[in-house]
Amino acid sequence: MAHTLPPLDPRPDLPADQVRDFARDGHTVVRGLATPEEVAAFLPPIDAMVRKVAPHFGALESRDTYGKAFLQVPNLCMHDDAARAFSFAPRFAKVAAELLQVDGVRLYHDQALFKEPGGGHTPWHQDQNYWPLATDRTITMWMPLVDIPEHVGSMTFVDGSHLRRAMGDWIIGDESEAAYESMRHEQGFRTTTYGAMKAGDATFHAGWTLHRAPANPTGMMRAVMTIILFADGTRVAPIEAPQQAFDQQIWLAGAEPGTVIDGPGNPLLWPV
Ligand code: SIN
Ligand code: NI
């Protein structure tokens with residue numbers, strides 16, 4: 001119940017060099033953004049929501065590469081008070097606004113990404129291929145709710161790839177993995193991974209940052225919660241691909257291209 005949850009209050013500003021490095025690299029890590037005690041309060045309700053819908057995903061072996069990567073459960077904050085307290089947390093939204101160097105950020109949506117025991121790799125992709133958002137000021141916070149050991153690991157990011165914006169029009173899957181992997185060999189991408197992470201550490205990456213994640217060879221569930229935010233004042237972009245038409249309906253309530261996004265589904269989370 002929400003009233004027993006710890007408040008995720010804002011913290012002091014990030015160091016200036018971290019903000020500068022994010023602008024250059026398109027990713028960063030904030031260790032200990034939530035304490036183990038705070039995470040322990042939010043894990044049970046979020047875990048329960050994911051496990052409730054998990055049977056609908058079917059057997060791991062029967063899914064395609066994208067399906068094997070994780071149990072993807074979006075929009076938790078609209079169905080559960082605890083998830084809402086987590087995804088609307090001023091602490092997280094403030095970090096997003098600082099890294100994007102904007103005055104305010106709005107919610108695009110949240111989603112749990114639980115990589116199951118034996119779950120497959122997450123293919124190379126750029127998130128923003130999906131999003132009809134007319135800005136490059138978009139960001140995802142990715143926070144494990146359990147400790148992730150080195151041999152499970154976190155994402156790998158291509159440094160500075162956000163500055164190139166769309167590097168292809170692939171959505172996530174075998175094709176995107178093959179295409180970006182050959183680009184990596186041809187162009188010699190510089191990459192970064194933050195490796196093992198503790199529950200409550202968080203990575204942040206820009207919407208155009210190219211990234212992937214390794215498979216889960218362990219018997220533990222890689223429980224991760226993500227929050228996607230964008231700069232206040234952003235307009236709906238022209239719809240150029242079917243996945244963007246889908247996002248326009250689901251996450252922007254069908255708002256027309258050119259419209260400033262300010263509906264109830266996209267609340268202003270910072271400043272509060
Ligand atoms: C993952 O959790 O494996 C990938 C997350 C992402 O693509 O943002
Ligand atoms: Ni992604």
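Everything numeric here is computed off the predicted structure, so don't read it as measured data.

Glancing now at the site of ligand 1. Taken together, F70, L113, K115, T122, H125, W142, M155, H205, H211, A213 and R222 make up the full set of residues near ligand 1. Within the side chain of H125, an N or O atom sits 2.9 Å from an oxygen atom of ligand 1. Contact between ligand 1 and H211: an oxygen atom at 3.0 Å from a side-chain N or O atom of the residue. Here ligand 1, which alone exposes 260 Å², has 95% of that area covered by the protein. Assessed atom by atom at 2 Å from the grid points, ligand 1 resides in the largest pocket. For the shell around ligand 1, the secondary structure elements donating two or more residues are strand 4 (122-125) and strand 9 (211-213).

Let us now look at the sheet that holds strand 9. Overall, antiparallel pairing links the four strands, which are arranged 4-9-6-7 in an open sheet. Of all the strands in the sheet, the pair left with one neighbour each is strand 4 and strand 7 (191-193). Taken pair by pair, the neighbouring strands of this sheet meet at an average axis angle of 15°, ignoring direction. Strand direction decides the pairing type here: strand 6 (residues 156-158) and strand 9, joined by two bridges, are antiparallel. Across the sheet, F157 pairs through a bridge with H211, a residue of strand 9.

Six octahedral donors around a metal ideally make angles of 90 or 180 degrees; four tetrahedral donors ideally make 109.5 degrees. Protein coordination at the nickel ion (ligand 2): the donors are H125 (NE2), D127 (OD) and H211 (NE2), at 2.0 to 2.1 Å from the metal. Sequence spacing of the donor residues for the nickel ion (ligand 2), all on one chain, is H-x1-D-x83-H. Here D127 is found in the loop between strand 4 and strand 5 (138-144), whereas its partner H211 is found in strand 9, with 84 residues between them in sequence. Grouping residues by exposure puts D127 and H211 together as buried.

The next thing to look at is unusual backbone geometry. Cis geometry is adopted by the peptide bond preceding P271, which originates at W270 and carries an omega value of 0°. Among the structural elements, P271 can be located in the segment after strand 11 (268-270). Positive phi is not limited to glycine here, since Q101 has a value of about 60°. If you trace the backbone, Q101 turns up in the loop between helix 5 (90-100) and strand 3 (105-114). Here the phi dihedral of A253 falls at roughly 50°; this positive angle occurs in a residue that is not glycine. Owing to a relative accessible area of 74%, A253 belongs among the exposed residues under this scheme.

As a further point, take the packing of aromatic side chains. Under the criterion given, the structure shown has seven aromatic pairs. Aromatic pair Y66 and F70: ring centres 6.0 Å apart, planes at 85°, arrangement edge-to-face. A relative accessible area of 26% places Y66 in the partly exposed class. The exposure class of F70 is buried, given its relative accessible area of 8%. Ring geometry for W170 against Y180: centres 5.1 Å apart, planes inclined by 80°, an arrangement best described as edge-to-face.

This part takes up the side chain of H109. Among the structural elements, H109 can be located in strand 3. When sequence neighbours within four positions are dropped, the list of residues in contact with H109 reads I227, I228 and W251.

Further remarks concern the layout of surface pockets. For the largest pocket, the calculated volume is near 490 Å³. Forming the boundary of the largest pocket are 25 residues, of which Y66, Q72, Q111, L113 and D127 lie nearest the centre. For the lining of the largest pocket, the elements supplying multiple residues, two or more each, are strand 2 (71-74), strand 3, strand 4, strand 5, strand 9, strand 10 (224-231) and helix 7 (242-251). Space inside the second largest pocket adds up to approximately 290 Å³. Around the second largest pocket sit 18 residues that line it, and Q128, W131, W208, E240 and Q244 are the ones nearest its centre. Residues belonging to the lining of the second largest pocket are distributed by class as follows: nine nonpolar, six polar and three charged.

Cut-offs used in this document
- Residues numbered from 1 in each chain as written.
- Chains lettered and ligands numbered in written order.
- Predicted model: local features only at pLDDT ≥ 70, side-chain atom pairs only at ≥ 80, totals over all residues.
- Heavy atoms only, no water.
- Near = heavy atom within 4 Å.
- Polar contact = N/O pair within 3.5 Å; in protein donor to acceptor, adjacent residues only side chain to side chain.
- Areas by Shrake-Rupley, 256 points an atom, 1.4 Å probe, with all protein chains shown as cover.
- 1 Å grid on protein atoms, 1.4 Å probe; cavity = no way out; pocket = protein on both sides within 12 Å on 5 of 7 lines; lining within 4 Å.
- Sits in = over half its atoms within 2 Å of the grid points.
- Helix = DSSP H or I, 4+ residues; strand = E, 2+ residues; numbered from the N terminus.
- Pairing = 2+ DSSP bridges.
- Axes fitted to C-alpha atoms, helices over the stretch in contact; angles between N-to-C directions.
- Donors = N, O, S within 2.8 Å, 3.2 Å for Na, K, Ca; no water.
- Buried < 20%, exposed > 50% of the residue type's maximum accessible area, 1.4 Å probe, protein only.
- Phe/Tyr/Trp six-rings, centres within 6.5 Å; stacked < 30°, edge-to-face > 60°.
- Contact = heavy atoms within 4.5 Å.
- Points joined across faces, edges and corners; volume = space filled by probe spheres on them.
- Nonpolar A, V, L, I, M, F, W, Y, C, P; charged D, E, K, R; others polar.

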